[in-house]
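Tertiary structure, described
Here is what each chain is made of, one letter per residue.
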Amino acid sequence: MHNKEQIINKTVDFVKQTLAKAEGGHDWWHIYRVWKTAKHLAKEEEVDLFIVELGALLHDIADSKFHDGDESIGPKKAGDFLSTQRVQKDVIEHVEQIISNISFKGGKEAKKFKSPELDVIQDADRMDAIGAIGIARTFNYGGHKNREIYNPEIEPNLNMSKEEYKNSTAPTINHFYEKLLLLKDRMNTKAGKEMAEQRHRFMQEYLRQFYSEWEGEV
């Protein structure tokens, strides 16, 4: 196996190159933020930092949203790359499991795989979906999919199956209720829970302002 620092640097280069033309909410800078947040959260957890860094860097290497819903491409792409770096087989398998199990699937999907490293990376990924950056990413993706910003006649669906969640074309504001506002209570780590509180409050305040402006009240 190559030196761990070399492997991290090579992984950064690989991700930057692979996601060079990615949608703005799932580009290199999303990966960068998740990577940095994961390292921050990992300080308070007993984890293998090497696996945390690799998992964070590779978690969206082929997001299923941009590959016709195929959830097998990401883990395979990450595994193939790590094999070229002669990373140990057990580390590769752990990273592949993290990528397979990190995303918010909608519905009531239970995690099929658990590890402290997944807990940290999942919290870091979810942190980037809430707060100011989460709001920006949500509207960016809504625009990318040509969705309405808000339609008072279309209610949020809080009981979607995984398939309904993946295929939803609802207005962007609905996504706050169908995902973003649910994330605070789904954090795994103590530090993640604390960080999420502040970002959650910011989203609630944003929505209050949004509805007031929608009705022309402010």
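Residues numbered from 1 in each chain as written. Predicted model: local features only at pLDDT ≥ 70, side-chain atom pairs only at ≥ 80, totals over all residues. Heavy atoms only, no water.

Take the packing of aromatic side chains next. Enumeration according to the criterion identifies 15 aromatic pairs in this entry. Lying across the ring of W35, K36 places its NZ or CZ 4.9 Å from the centre. (Phe/Tyr/Trp six-rings, centres within 6.5 Å; stacked < 30°, edge-to-face > 60°. Lys NZ or Arg CZ within 6 Å of the ring centre and 35° of its normal.)

Take the pattern of salt bridges next. Counted under the stated rule, the structure contains 9 salt bridges. For the salt bridge of E197 with K184, the shortest nitrogen-to-oxygen distance reads 3.9 Å. Remark: K184 occurs in the loop between α9 (172–178) and α10 (190–214) and E197 occurs in helix α10; sequence separation between them is 13 residues. For K184, a relative accessible area of 17% puts it in the buried group. Counted as one network, the salt bridges with shared partners bring together R33, D128 and R137. (Salt bridge = Lys/Arg side-chain N within 4 Å of Asp/Glu carboxyl O. Helix = DSSP H or I, 4+ residues; strand = E, 2+ residues; numbered from the N terminus. Buried < 20%, exposed > 50% of the residue type's maximum accessible area, 1.4 Å probe, protein only.)

A few words now on the environment of K4. The topology assignment puts K4 in helix α1 (residues 4–18). What makes K4 partly exposed here is its relative accessible area of 44%. When the C-alpha positions of K4 and L54 are compared, they lie 10.0 Å apart, and in sequence the two are 50 residues distant.

A general feature of soluble globular proteins is that nonpolar side chains tend to end up buried together. One finds V15, L54, L58, L82 and V95 to be the most contacted residues of the largest nonpolar core, which totals 38 residues. Discounting chain neighbours no more than four positions away, the residues touching L54 are I7, I8, T11, L82, V91 and V95. Ranked by size, the runner-up nonpolar core spans 15 residues in total, among them Y150, L180, L181 and F210. (Core = buried A, V, L, I, M, F, W, Y, C linked by side-chain atoms within 4.5 Å. Contact = heavy atoms within 4.5 Å.)

The next subject is unusual backbone geometry. Phi at R86 is positive, roughly 55 degrees, even though this residue is not glycine. Summarising the element assignment, R86 is placed in the loop between α4 (73–84) and α5 (89–101). For R86, a relative accessible area of 53% translates into the label exposed. Look at N146: it is not a glycine, yet its phi comes out positive at around 55 degrees.

With that settled, the discussion passes to the packing of α5 against helix α6 (residues 116–127). Relative to each other, α5 and α6 sit at 45 degrees, their axes nearing to 10 Å. Classified by the interaxial angle, the pair formed by α5 and α6 is oblique. Relative to α6, the crossing made by α5 is right-handed. Where α5 abuts α6, its residues H94, I98 and N101 lie against E117, L118, I121 and Q122. (Axes fitted to C-alpha atoms, helices over the stretch in contact; angles between N-to-C directions. Parallel < 35°, antiparallel > 145°, perpendicular 65-115°, else oblique. Left-handed = near helix turned anticlockwise from the far one by under 90°.)

By the secondary structure assignment, D123 is in helix α6. For the buried D123, which has no salt bridge, the nearest side chain bearing the opposite charge is R126, at an N-O separation of 5.5 Å. Side chain to side chain, D123 and T189 meet in a polar contact 2.7 Å long. Apart from the residues lying within four places of it in its own chain, the contact partners of D123 are L41, R186, M187, N188, T189 and G192. (Lys, Arg positive; Asp, Glu negative; His and termini not counted. Polar contact = N/O pair within 3.5 Å; in protein donor to acceptor, adjacent residues only side chain to side chain.)

Keep in mind these numbers describe shape, not what the thing actually does.
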